[in-house]
Structure formats: C-alpha cells, structure tokens
Amino acid sequence: MSATSAPPPKRHRRFAGPWTYLFLLPAVALFVVFIAYPIVWVLSESFFTAGKNGADVFVGLDTYLSVLADPVFWIVVRNMALWGLITIPVQMIIGGTIAYFIERHTDTWRGFFRTMFFLPVVTSVSVISLVWVQIYAPYYGIAQQYLGYFGIEMASSPIGDPSTAIFALIVVNIWQWTGFSMLMYVAGIANLPTEVLDAARVDGARGLRLAWSVIIPMLAPVTKSLLLLGVIGTLQTFPIVQLMTTGGPNHASEVFGTYVFRTSFVLGDTGRGATISVIVLLLALILSIVQIVYFGANLSPSARTEERA
C-alpha cells in the first residue's frame, strides 16, 4: 500500500479590521489638505471675481474667455513653447553626450566629473540668478568679454532686450538642469547589459556606431522619462524668471508662473489668477496623457520582440 502525502496545512487569512485603514489616514490627510483641497478651491475661485463691495461675484466662464482673448496670454504660450522645444532636447542631447563620455572614457575622475556637472542642479536659484545677471551685464560681464574677441559689443543686457530676454533665460535653464539629464543617463548607461554591448562590439560596432545603434535605443525609457519630466518642469518654470526679469521687459520673458503670480498677488485679481492656473493644469494634464498614450508602457526587449511577431 502506497503511502499518501499529508494534505497541506490550511492557511488562515487574517481579517483586516476597519482599524487597519487608520494607517492610511496620514497619507489621505496630506493628499486632501495639500492637493485635493487647493485644486478644488482654485477651480471654484476661477468662476468668481471680486465685486465693487469686495464680495465675490459669480461670472461663470467669462474670466476664461477674457484670459483667452488677452494678447499677453498668447505671448506667455509662445514663450512656454519656445522654452520646452529648446530646453528639453538640448538638455537631453548635451546631458546624454556628457554621460556617455564620463561612463565610457573616464575612470579615476568619473566621480569628480559627475559632481561638477551635477553641481548647478543643487545650487541655489538665487545664487544662479545673481551670477548670470553679472555674466550678462554689458561692458564688464563675462559674456561681453568673450564677445569682445569677435568685435561685438552689447549695448544692453540680453535679459533687458525684449528680443533676446527669453532666449537668455533659456540658456541659464539649460546650464542649470543639463546635469539632471546627465545623471539620468549615467544611471541608464550603468545598467545596460554588458553582454549586449560585447556582442555589438564583436559585430564591429564601435564609437558613434555603437552609441547610435545600440546604446541610444536601449536608453529609450530614460529619454521618455526625461521628456515627461521636462514638459512638467517647463510648465512649472518660475524662480529663475522671477528673480532675473520678473517676466519683463514688456512680458517678453513672461511664463505661466510669473503670469499667475503677477495677476494674483501684484494686481490682486485672484479670480483671474485661478483661471490661468486651471488652464495650466488642464494643459499639463493633456500633454501628459498625450505622451503616455503616444509612447505607451515601457516594454522589455523580449516583450517588444513578441509584439512585433
């Protein structure tokens, strides 16, 4: 008679009582106080405006129509489009190039170069603005000293010229945040499978060919993340512009952050400021959804192969 195995012991499922949900209470409270309530308040405030006696008057969508008809709003939209279209790809290209050379062509000084290029990211925005205002200063600024070698003299600071103010600030932003892109790509390059790189080298891939055909495609998840973060960061741009130009001259460097700040706290029109904030929130939501739908989920190489088959 064959021996029969003993039945496995029954696993008793522990009952999660209502008190266990109390552990979620701190997170829920923080979400409600700092995220949900401010969004609801701003949304409701956008439908009101201050009356003559100081009381709020319901105006519905009139403020939204007024903002969309404001020429300054479209100047801000243009500035934000320029900001995102220039800073995001330039930061990724420069940051990725720096990361590649640091990881592939340095050894002893690798940590030093990582630190030096990442240093602007953790530097105070106030310090950065003060330094770059001096760099852009006419006659004695560092920028003027280098331009002087080519016989070019700046009559005024680039941040004081309406035709160059936004581009001067874009240069500062690229200088400040390229180190973040570099660090992301450094992490991506460090995690690349060595067997794939070795196989590519055996097949004759070297230098730019290896980078373009193997490394860059394998870093696609990092690039997608940087693109998503770059769009969100562009819409959140405020400190460097506020400290260096306050959106001037004549709104030439105005961004959504300074536009909302000036409207709400300088002009005192909180209803209009809330309306602009809601528009920015909707724009950020739309752009994020478009990116997620367009790029899709990050698939592993095997999953992508099965999908193609």
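Residues numbered from 1 in each chain as written. Predicted model: local features only at pLDDT ≥ 70, side-chain atom pairs only at ≥ 80, totals over all residues. Heavy atoms only, no water.

1. Re the overall build of the protein
Piece 1. Assigned secondary structure in the protein consists of 14 helices and 2 strands.
Piece 2. Carbon and sulfur atoms form 70% of the exposed surface of the protein, whose accessible area is close to 19800 Å². (Helix = DSSP H or I, 4+ residues; strand = E, 2+ residues; numbered from the N terminus. Areas by Shrake-Rupley, 256 points an atom, 1.4 Å probe, with all protein chains shown as cover.)

2. Concerning the environment of Ile93
Piece 1. Summarising the element assignment, Ile93 is placed in helix H3 (residues 71-105).
Piece 2. For the pair Ile93 and Thr178, spaced 85 residues apart in sequence, the C-alpha separation works out to 8.9 Å.

3. Remarks on the nonpolar core
Piece 1. By size, the foremost hydrophobic cluster in this structure holds 30 residues, and its most contacted members are Met244 and Phe256.
Piece 2. At the level of elements, helix H2 (62-68), H3, helix H5 (125-135), helix H7 (165-190), helix H11 (239-244), helix H12 (256-266) and helix H13 (270-295) are the ones that each hand at least two residues to this core.
Piece 3. When residues in this core are grouped by element, the largest group, 6 residues, is from H7.
Piece 4. Among the nonpolar cores identified, the runner-up in size contains 22 residues, and Ile189, Ala205, Leu210 and Val231 belong to it. (Core = buried A, V, L, I, M, F, W, Y, C linked by side-chain atoms within 4.5 Å. Buried < 20%, exposed > 50% of the residue type's maximum accessible area, 1.4 Å probe, protein only.)

4. Describing unusual backbone geometry
Piece 1. Cis rather than trans, the peptide bond between Gly248 and Pro249 has omega equal to -5°.
Piece 2. When you line up the elements, Pro249 lands in the loop between H11 and H12.
Piece 3. A positive phi is found at Thr246, a non-glycine position, where the angle reads about 50°.
Piece 4. With respect to the secondary-structure elements, Thr246 resides in the loop between H11 and H12.

5. Describing the packing of aromatic side chains
Piece 1. Inspection of every chain in the model, using the stated rule, returns 13 aromatic pairs.
Piece 2. What links up through ring pairs into an aromatic cluster is the set Phe73, Trp74 and Phe256. (Phe/Tyr/Trp six-rings, centres within 6.5 Å; stacked < 30°, edge-to-face > 60°.)

6. What to know about the packing of H3 against helix H10 (residues 220-235)
Piece 1. For the pair H3 and H10, the least separation of the axes is 10 Å and the interaxial angle reads 145°. The two elements H3 and H10 meet at a crossing, and its hand is right-handed. Touching Met80, Trp83, Gly84, Thr87, Ile88 and Met92 of H3 are Thr223, Leu226, Leu227, Gly230, Val231, Thr234 and Leu235, all from H10.
Piece 2. Here the contact of H3 with H10 is built from residues that sort into 8 nonpolar, 5 polar and no charged. (Axes fitted to C-alpha atoms, helices over the stretch in contact; angles between N-to-C directions. Left-handed = near helix turned anticlockwise from the far one by under 90°. Contact = heavy atoms within 4.5 Å. Nonpolar A, V, L, I, M, F, W, Y, C, P; charged D, E, K, R; others polar.)

7. Re helix H4 (residues 110-122)
Given 3.6 residues per helical turn, the α-helix brings residues three or four places apart onto the same face.
Piece 1. Between the first and last C-alpha of H4 there are 19 Å, a value that for 13 residues agrees with the 18 Å anticipated at 1.5 Å per step.
Piece 2. The sharpest bend along H4 reaches about 30° and sits at Met116, with the proline Pro120 one to four residues further on. (Expected span 1.5 Å × (residues − 1). Bend = angle between axes of the 7 residues up to and from the residue.)

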